[in-house]
Amino acid sequence: MNRLHLLGLVTTLLMAPAFADTQPKPPQDKQAFIADLMSRMTLDEKIGQLRLISIGKEMPKPQILKEIAAGRIGGTFNSVTRQENRPLQEAAANNSRLKIPIFFAYDVVHGHRTIFPISLAQASSWDMEAIERGGRISAIESAADGLDMTFAPMVDISRDPRWGRTSEGFGEDPYLVSRIAEVMVKAYQGGATPNQADSIMASVKHFALYGAVEGGRDYNAVDMSPMRMYQDYLPPYKAGLDAGAGGVMVALNSINGTPATSNTWLLQDLLRKEWGFKGVTISDHGAISELMRHGVARDGREAAKLAIKAGVDLSMHDELYASELPGLIESGEVDIREVDNAVREVLGAKWDMGLFADPFLRIGKAQDDSADPGVENLQHRDVARDVARKSMVLLENRRNTLPLEKQGTIALIGPLADSHIDMLGSWSASGAAKQTVTLRQGMQAALGDQARLLYARGANVTNDSHIVEYLNFLNWDDPEVVQDPRTPEAMIAEALKVAQQADVIVAAVGESRGMSHESSSRTSLDLPESQRELLRALKATGKPLVLVLMNGRPLTLKWEQANADAILETWYTGTEGGNAIADVLFGDYNPSGKLPISFPRSVGQIPTYYNHPRIGRPYQVGKPGNYTSQYFEEPNGPLYPFGYGLSYTDFELSPVRLSATKVRRGGKVEASVTVKNTGSRDGATVVQLYLQDVAASMIRPIKELKNFQKVSLKAGEEKVVRFDINEDDLKFYNLQMQYRAEPGEFNVQIGLDSQNVQQETFELE
Ligand code: NOJ
């Protein structure tokens, strides 16, 4: 017996009580333990570990229990409560031959039972501490429901808002998304390794480049230069992994001609060798079979072979590993070592989740714990409210229409004003619609009897029955877009009657939550016609018109910008949304959010991301002229730029001060500005630092965000904000794919959005 074996045996003996009822003793050596365990596994048991099944209608419960006890399932997703998961774990950890625990995963993306604002909204807060709190609570709540892993954070850079999954990510900017990726992973995992009862493993997704699907059409192909990949799209995944994420979900799209699921360069050369990732890779739902549809595998056998060889460890809801790997190994087309590598990663993830030390770590053993997600969870509501109000962006506020006074009569109108389900946004885990606070409820609670609140629905989200049918078919068991059977005219007439009695109109308009979701790409980003008609009628009353937008992506808002007196972008705000929006509308909270993604003027101008490459004939605002890069029918550029957002107070920035105008390699420059709250209310803003490489060996972006600070200032208060700029901030991937800073001039731009900035220049010697 060699040393490793001996160690394994000793560890196994130490381990034995872990599966008995006595206090579990954590095994000491991960690698030795796994090596020993694997030496005792049959091929069937090994392949079983690679199978991740969805608990749902697909397989009856007795069958699942049998499969688990036979060692043919490695983990599950979509079963959520302790009661549901406990028998499954008992089948694995008590009844299977080797007693290998299974793990439970779920899409906990922006909250579990308490739902926080959608990811895009959280990114709008630019508040890492708020995001961290939301992530931590998500982990605590989901772990308490017996879950071990989340399929999150989703850190795909998205520059095309036609893509419905824009709602799930953190926007268009590599730096901002990377910062959030890091915070989220740490919050979920609660430390380097998620082996505590209140932590869950994070799996960064969708690896890679999913947000760059052509035309924003979901599941479409991606074609991208290596420089853009490394510079713009890959950093957030890397940041999540450097923060310790234990899992990576492989994307559904192809990259430069090879599906991610069969992409050896992506999953081995980049992920394992270059980045040193040591965790588990998970296919997306059914992605291995889709290799046939991509046209890179003739049949299921070839699909399984390509995926395992590329390095996909867990196969999500896809039976091809189970059906094909035995034959592939027998024929020698797949080496057992390739399967072993995958099994080792799955077992390693289970170790890291603490499941070998105690399979019931998160599930517990009690039989009487509450399991009903319908049961009100009040514990985290104050945090949800706070994160939600920090996530809203004030886009317009003419004549200080906002905040509203708590007096007189307010007309609240719109299809989203009282819709519980839409408060949740996409991927709402175990969030219960009936527990959400709608805007109507939130405003009513804020007003009490100080003012009269009138309500009318005014319109359906859309009148297009095909769209309604699609949305109701898409994902959910119960149809969630419920149409008001009245005619559009009757609904508008009612709304006008209400509006005429009011001093101000608040119109809650936007998208139903399913419109910004997986498989919800759009060709138009306008508000649906039913709602535009309503808004035109409300505008004609001549009353002040406040728009409260609920949507999961940038919309095209030319008419709304020109006609509304105020526009508050609330995204989907989650469980406490209505209270949080009311806080902002009535000035109990001064909005401080900034857009994490540009808003295009029209779909035809997409993409409008701010950090695009420089060009030879740039469009100049105010000086259009012929033969410049532009669309000639309308002003060019975003309607609302990246980093933009107003406040109820005003902020002023001093010119930029630099500590030096020349800097050597390895040195640093300090850039500082004084930011002053010149208005009469306390408030917060985000001071943003951008850099522009004046001339380089290849084309560089117009500017790139390199740092930011969220600053709170009392009325009249000022603060100096300082940023260190070092050589790393100046580096980029050059044409030889070397990550280098080049000597020469750099413009330092500091502003409160990406367009209005103050500039100074220094030189790297
Ligand atoms: C498919 C989605 O692309 C992915 O994001 C999600 O995690 C899985 N389904 C599981 O629900």
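Quick notes on the rules
- Residues numbered from 1 in each chain as written.
- Predicted model: local features only at pLDDT ≥ 70, side-chain atom pairs only at ≥ 80, totals over all residues.
- Heavy atoms only, no water.
- Helix = DSSP H or I, 4+ residues; strand = E, 2+ residues; numbered from the N terminus.
- Rg over C-alpha atoms; globule rule 2.2 N^0.38 Å.
- Buried < 20%, exposed > 50% of the residue type's maximum accessible area, 1.4 Å probe, protein only.
- Contact = heavy atoms within 4.5 Å.
- Lys, Arg positive; Asp, Glu negative; His and termini not counted.
- Charge placed at Lys NZ, Arg CZ, Asp CG, Glu CD.
- Near = heavy atom within 4 Å.
- Polar contact = N/O pair within 3.5 Å; in protein donor to acceptor, adjacent residues only side chain to side chain.
- Areas by Shrake-Rupley, 256 points an atom, 1.4 Å probe, with all protein chains shown as cover.
- Nonpolar A, V, L, I, M, F, W, Y, C, P; charged D, E, K, R; others polar.
- Domains from an automatic or database assignment.
- Buried area = accessible area lost by both parts, 1.4 Å probe.
- Salt bridge = Lys/Arg side-chain N within 4 Å of Asp/Glu carboxyl O.
- Axes fitted to C-alpha atoms, helices over the stretch in contact; angles between N-to-C directions.
- Left-handed = near helix turned anticlockwise from the far one by under 90°.
- Pairing = 2+ DSSP bridges.
- Core = buried A, V, L, I, M, F, W, Y, C linked by side-chain atoms within 4.5 Å.
- 1 Å grid on protein atoms, 1.4 Å probe; cavity = no way out; pocket = protein on both sides within 12 Å on 5 of 7 lines; lining within 4 Å.
- Points joined across faces, edges and corners; volume = space filled by probe spheres on them.
- Expected span 1.5 Å × (residues − 1).
- Phe/Tyr/Trp six-rings, centres within 6.5 Å; stacked < 30°, edge-to-face > 60°.

### Brief notes about the overall build of the protein
When helices and strands are tallied, the protein shows 24 helices and 27 strands. A globule of 765 residues ought to have a C-alpha radius of gyration of about 27 Å, and the protein, at 27 Å, matches this closely. C-alpha atoms of the protein, sized along the principal axes, occupy 85 × 65 × 50 Å. Relative to its 765 residues, the protein shows a buried fraction of 61%. Long-range pairs, those at least 24 residues apart, make up 78% of the contacts in the protein with a sequence separation of at least 6. Taking the average location of the 81 positive side-chain charges in the protein and that of its 97 negative ones, the two points are 2 Å from each other.

### Considerations on the site of the ligand
Around the ligand, the surrounding shell holds 13 residues, and the nearest of these are Asp 107, Arg 165, Lys 205, His 206 and Asp 284. Taking His 206, its side chain carries an N or O atom lying 2.6 Å from an oxygen atom of the ligand. Separating an oxygen atom of the ligand from a side-chain N or O atom of Asp 284 is a distance of 2.5 Å. Protein contacts shield 94% of the accessible area of the ligand, which totals 300 Å² for the unbound molecule. By residue class, the composition of the shell around the ligand is six nonpolar, two polar and five charged.

### Focus: the domain arrangement of the protein
As a measure of interface size, the accessible area lost when the parts come together is often cited. What the domain assignment reports for the protein is domain 1 (387-596) and domain 2 (651-764). Regarding the contact of domain 1 and domain 2, the summed buried area is about 550 Å², with carbon and sulfur atoms giving 42% of it. It is Asn 590, Ser 592 and Lys 594 in domain 1 that bury the most area against domain 2; as a group they hold 75% of the surface buried on that side. Between the two partners, domain 1 and domain 2, sit zero salt bridges. Applying the counting criterion to the domain 1 and domain 2 interface returns three residue pairs in polar contact (both at pLDDT 80 or more).

### A few points about the packing of helix α7 (residues 128-144) against helix α8 (residues 174-189)
Here α7 crosses α8 at 35°, and the two axes come no closer than 8 Å. In this structure, the crossing between α7 and α8 has a hand that is right-handed. Contacts between α7 and α8 pair Met 128, Ile 131, Glu 132, Gly 135, Arg 136, Ser 138 and Ala 139 from the former with Leu 176, Arg 179, Ile 180, Val 183, Met 184, Ala 187 and Tyr 188 from the latter. Split into classes, the residues belonging to the contact of α7 with α8 amount to nine nonpolar, two polar and three charged.

### Thoughts on the sheet that holds strand β26 (residues 744-751)
Across the sheet, which stays open at both edges, the five strands sit in the order β19-β27-β26-β21-β22 with mixed pairing between neighbours. In the strand order of this sheet, the two ends are held by β19 (662-663) and β22 (704-713), each with one partner. Where β26 meets strand β27 (residues 757-764), eight bridges bridge the pair, whose relative direction is antiparallel. Bridge assignment links Phe 746 to a residue of β27, and that residue is Phe 762.

### Some remarks on the nonpolar core
Within the largest apolar cluster, 108 residues are counted, with the highest numbers of intra-cluster contacts made by Phe 207 and Leu 234. Among the elements that take part in this core, α8 stands out by supplying eight residues, more than any other. Ignoring any residue separated from it by four or fewer positions in sequence, one finds Phe 207 in contact with Leu 234, Tyr 237, Val 248, Met 249, Val 250, Ala 251, Ala 260, Leu 266, Leu 267, Leu 270, Leu 271 and Trp 275. Of all hydrophobic cores here, the second largest spans 74 residues; its members include Ala 121, Ile 410, Val 461 and Leu 471.

### Quick look at the sheet that holds strand β13 (residues 452-456)
Pairing is mixed across the open sheet formed by six strands, whose spatial order is β11-β16-β15-β14-β12-β13. For this open sheet the edge positions go to β11 (393-397) and β13, each flanked by a neighbour on one side alone. Across the sheet, the mean angle separating the axes of adjacent strands is 15° when strand polarity is ignored. Note that strand β15 (residues 545-550) and strand β16 (residues 566-569) share four bridges and pair parallel. From the neighbouring strand, Leu 547 faces β16, where its bridge partner is Ile 567.

### A look at the pairing of β11
In terms of burial, β11 is largely enclosed, as five of its five residues are buried. By the bridge criterion, four bridges tie β11 to β16 in an arrangement that is antiparallel. Across the sheet, the residue bridging to Glu 396 is Ile 567, located in β16.

### Points about the environment of Phe 104
Mapped onto the elements, Phe 104 comes out in strand β3 (residues 103-106). Residue Phe 104 is classed as buried on the basis of its relative accessible area of 0%. In contact with Phe 104, not counting residues within four places along its chain, are Thr 76, Ser 79, Asn 85, Leu 88, Gln 89, Gly 146, Leu 147, Asp 148, Met 149 and Ile 363.

### Looking at helix α16 (residues 381-390)
Of all ten residues in α16, seven are buried, a share of seventy percent or more. When α16 is considered as a whole, its buried residues turn out to be Arg 381, Val 383, Ala 384, Asp 386, Val 387, Ala 388 and Lys 390.

### Things to note about the layout of surface pockets
Roughly 1,100 Å³ of volume is contained in the second largest pocket. Along the wall of the second largest pocket there are 29 residues; nearest its centre are His 612, Tyr 619, Gly 637, Pro 638 and Ile 702. Classifying every residue of the lining of the second largest pocket by side-chain character gives 14 nonpolar, twelve polar and three charged.

### Here we look at helix α15 (residues 336-352)
Taking 1.5 Å as the rise per residue, α15 with 17 residues should run 24 Å; its terminal C-alpha atoms sit 24 Å apart, in good agreement. Residues of α15 that are buried: Val 339, Asp 340, Ala 342, Val 343, Val 346, Leu 347, Gly 348, Ala 349, Lys 350, Trp 351 and Asp 352. The N-cap of α15, judged by a side-chain oxygen 2.8 Å from the amide nitrogen of Arg 337 a few residues on, is Asp 335. In the stretch just after α15, Gly 354 is the one whose phi turns positive, near 80°.

### A few points about the packing of aromatic side chains
Taken as a whole and assessed by the stated rule, the structure comprises 17 aromatic pairs. Residues Phe 33 and Trp 351 carry aromatic rings whose centres are separated by 5.5 Å and whose planes lie at 50° to one another, so their mutual orientation is tilted. One end of the pair, Phe 33, is in helix α2 (residues 30-39); the other, Trp 351, is in helix α15, and 318 residues separate them in sequence. Each member of the pair Phe 33 and Trp 351 is classed as buried.

### Some remarks on the packing of helix α20 (residues 488-500) against helix α21 (residues 529-539)
At a closest axis distance of 10 Å, the pairing of α20 and α21 adopts a crossing angle of 35°. Classified by chirality, the crossing of α21 by α20 is right-handed. Across from Ile 492, Ala 495, Leu 496 and Ala 499 in α20, the residues of α21 making contact are Glu 533, Leu 534, Ala 537 and Leu 538. For the contact of α20 with α21, the residue count by class is seven nonpolar, no polar and one charged.

### Some thoughts on unusual backbone geometry
Backbone torsion omega between Phe 207 and Ala 208 reads 5°, so that peptide bond is classified as cis. Checked against the element boundaries, Ala 208 lands in the loop between β5 (201-207) and α9 (226-233). Phi is positive for Leu 209, close to 70°, though the residue is something other than glycine. Tracing the backbone shows Leu 209 in the loop between β5 and α9. Phi angles above zero are rare outside glycine, and Tyr 219 is one such case at about 70°. Looking at where Tyr 219 falls in the secondary structure, it is placed in the loop between β5 and α9.

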